[in-house]
Amino acid sequence: MWLTSTYVADGPVDYGRTDNPTWQAFEQTLGELEAGSALVFSSGMAAISAACGLVPDGSVVVAPRHVYSGTGALLRDAAAAGRVTLREVDVADTAQVLAALPGARLLWLESPTNPMIEVADLRALTAGARAAGALSVVDNTFATPMVQRPLTLGAGVGVHSVTKYLAGHSDVVLGAAVTADDDLHARLRAHRRLHGGIAGPHEVFLALRGVRTLALRVERAQASAAVLAHRLAVHPCVERVRHPSLATDPGHTLATDQMHGYGAMLAVEVRGGAPAAEQVAASTRLWVHATSLGGVESTLERRRRHPAEVATVPESLLRLSVGIEDVEDLWADLDQALRSPTP
Ligand SMILES: *Cc1c(COP(=O)(O)O)cnc(C)c1O
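Residues numbered from 1 in each chain as written. Predicted model: local features only at pLDDT ≥ 70, side-chain atom pairs only at ≥ 80, totals over all residues. Heavy atoms only, no water.

## Brief notes about the overall build of the chain
Stage number 1. When helices and strands are counted, the chain shows 11 helices and 12 strands.
Stage number 2. Considering only C-alpha atoms, the chain reaches an extent of 65 × 45 × 35 Å along its principal axes.
Stage number 3. Within the chain, the proportion of its 343 residues that are buried is 56%.
Stage number 4. Partitioning the intrachain contacts of the chain with sequence separation of at least 6 by distance along the chain shows that 70% fall at a separation of at least 24.
Stage number 5. Within the structure as shown, the chain displays about 13800 Å² of accessible surface, and the carbon and sulfur contribution to it stands at 53%.
Stage number 6. Within the chain, the 36 negative side-chain charges are centred at a point lying 2 Å from the centre of the 29 positive side-chain charges. (Helix = DSSP H or I, 4+ residues; strand = E, 2+ residues; numbered from the N terminus. Buried < 20%, exposed > 50% of the residue type's maximum accessible area, 1.4 Å probe, protein only. Contact = heavy atoms within 4.5 Å. Areas by Shrake-Rupley, 256 points an atom, 1.4 Å probe, with all protein chains shown as cover. Lys, Arg positive; Asp, Glu negative; His and termini not counted. Charge placed at Lys NZ, Arg CZ, Asp CG, Glu CD.)

Structure (structure tokens):
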């Protein structure tokens, strides 16, 4: 780990805001996993800001209605300030997204979405963006490169909250962007240097250590998620479960053929609305009621407790991040919490 702000003159690195050998080690790893060249940022939002900065002011941006709430707030703020024109779409409805593309400069994608777990046909949508002259960016935080590699499905840029699965231990906040395009890579790098959203070497070291077990963690977590999704789907206290391993959404064809597995994020709509969902969150003992996701420990959260979450996300929706604990322990805890009476 390289803890230094300055370097001996005329070496490969000159200053700590420009580069760091610890960053390079992580970037090489993530680049190989995602079939591109990666850049590490101080947070997922710093990487997302840099990617949004790739298109000029005045651009038309097409984005999912149920995009990650931070990205949604960033884009809606930019639209309110007159910097972009925002077209919000249902990302699982391929025809609707394609129809919104003419005149757009940026197609923002997330699949599965946070927190509605909608799956987009990335191959069709990135091809549509290319034909329309728009840059496509895919937030691949939920799927991880173990499940889906956006650049191989035609995306111009992939972004990550490294905070989540890649680092995997709920102990750092970090982000990354990845692209196979040299010009886009140079512009993202310049954004990082000039806007200054740089990562601390210690956090990147921890992420590099975390990523060593990414394949094992994701394999375990998504196998457990599929078991839980199928059991929850027939639980008497559950109205609806959202996980790509279950039957398709009415009216949608989930493009799960582009995924290797289904990911470990699911969403559950509890019978009894917000109070019942709050009661479940307050009654688990193994599952932790907390924001964030992608750690080795299972967490769940009622997303609408955040005022920034959009109103089309159901009040009763709990987002579940399945960790690597024993699946029967996870099930037993969820089952008792779902059955605990609402006061
Ligand atoms: C958490 C998250 C982000 C933001 O990442 P930070 O590391 O918290 O800045 C972006 N996209 C998705 C899908 C996320 O879950």
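## What to know about the site of the ligand
Stage number 1. Close contacts around the ligand come from 15 residues, with M45, D139, S161, T163 and K164 the closest.
Stage number 2. For the ligand, an oxygen atom lies 3.2 Å from a polar atom in the side chain of N114.
Stage number 3. Taking D139, its side chain carries an N or O atom lying 2.7 Å from a nitrogen atom of the ligand.
Stage number 4. Burial of the ligand by the protein chains amounts to 91% of its free accessible area of 380 Å².
Stage number 5. Counting residues per element, the shell around the ligand draws most heavily on helix α2 (residues 44–52), which supplies 3 residues. (Near = heavy atom within 4 Å. Polar contact = N/O pair within 3.5 Å; in protein donor to acceptor, adjacent residues only side chain to side chain.)

## What to know about the sheet that holds strand β8 (residues 238–242)
Stage number 1. Ordered by their spatial adjacency, 5 strands build an open sheet running β8-β9-β12-β11-β10, and the pairing between neighbours is mixed. Of all the strands in the sheet, just β8 and β10 (288–289) have a single pairing partner and so form its edges. (Pairing = 2+ DSSP bridges.)

## A closer look at the domain arrangement of the chain
Stage number 1. Here the chain is described as being made up of domain 1 (21–211) and domain 2 (214–339).
Stage number 2. Each of domain 1 and domain 2 has a C-alpha centre, and the two are 23 Å apart.
Stage number 3. With 35 residues of domain 1 at the interface, the matching set in domain 2 holds 37 residues.
Stage number 4. For the pairing of domain 1 and domain 2, the buried interface totals around 3000 Å² over both sides, and the portion due to carbon and sulfur atoms is 62%.
Stage number 5. Inspection of the region where domain 1 meets domain 2 yields 13 residue pairs in polar contact (both at pLDDT 80 or more).
Stage number 6. Sort the elements by how many residues they give to the side of domain 1 that touches domain 2 and helix α6 (residues 144–147) lands first, with 4 residues.
Stage number 7. Each residue belonging to the side of domain 1 that touches domain 2 can be placed in one class, and the counts come to 18 nonpolar, 10 polar and 7 charged. (Domains from an automatic or database assignment. Buried area = accessible area lost by both parts, 1.4 Å probe. Nonpolar A, V, L, I, M, F, W, Y, C, P; charged D, E, K, R; others polar.)

## Observations concerning the nonpolar core
Stage number 1. F26, L232, L266 and L320 are the most contacted members of the largest nonpolar core, which has 79 residues in total.
Stage number 2. Top element by residues in this core is helix α9 (residues 214–232). It accounts for 7 residues.
Stage number 3. In terms of domain composition, this core takes at least three residues from each of domain 1 (21–211) and domain 2 (214–339).
Stage number 4. Once residues within four sequence positions are removed from consideration, L232 is found in contact with V238, V241, L266, V268, L320, W331, L334 and L338.
Stage number 5. Ranked by size, the runner-up nonpolar core spans 25 residues in total, among them I48, C52, A63 and V157. (Core = buried A, V, L, I, M, F, W, Y, C linked by side-chain atoms within 4.5 Å.)

## Details of the sheet that holds strand β6 (residues 157–161)
Stage number 1. Taken together, 7 strands build an open sheet; the order of strands is β1-β7-β6-β5-β4-β2-β3 and the sheet is mixed. Only two strands of the sheet have a single neighbouring strand rather than two, namely β1 (37–41) and β3 (84–89). Adjacent strand axes in the sheet meet at a mean angle of 20° when their direction is disregarded.
Stage number 2. Contacting β4 (106–110) and β5 (135–139), helix α5 (residues 122–132) runs over the sheet at an angle of about 170° to β4. (Axes fitted to C-alpha atoms, helices over the stretch in contact; angles between N-to-C directions.)

## What about the pattern of salt bridges?
Stage number 1. For the coordinates displayed, the defined rule picks out 14 salt bridges.
Stage number 2. With its nearest N and O atoms 3.2 Å apart, the salt bridge here joins E88 to R76. Of this pair, E88 sits in strand β3 while R76 sits in helix α3 (residues 69–80), placing them 12 residues apart in sequence.
Stage number 3. We note a salt bridge from R319 to E301, for which the minimum N-O separation is 3.3 Å. With a gap of 18 residues between them, R319 in strand β12 (residues 317–321) and E301 in strand β11 (residues 299–302) connect regions that are remote in the sequence. Each member of the pair, R319 together with E301, is buried. (Salt bridge = Lys/Arg side-chain N within 4 Å of Asp/Glu carboxyl O.)

## Some remarks on the environment of R339
Stage number 1. For R339, the location among the structural elements is in helix α11 (residues 327–339).
Stage number 2. Separated by 56 residues in the primary sequence, R339 and S283 place their C-alpha atoms 9.4 Å from one another.
Stage number 3. Discounting residues that sit within four places of it in the chain, R339 has contacts with H235, P236 and C237.

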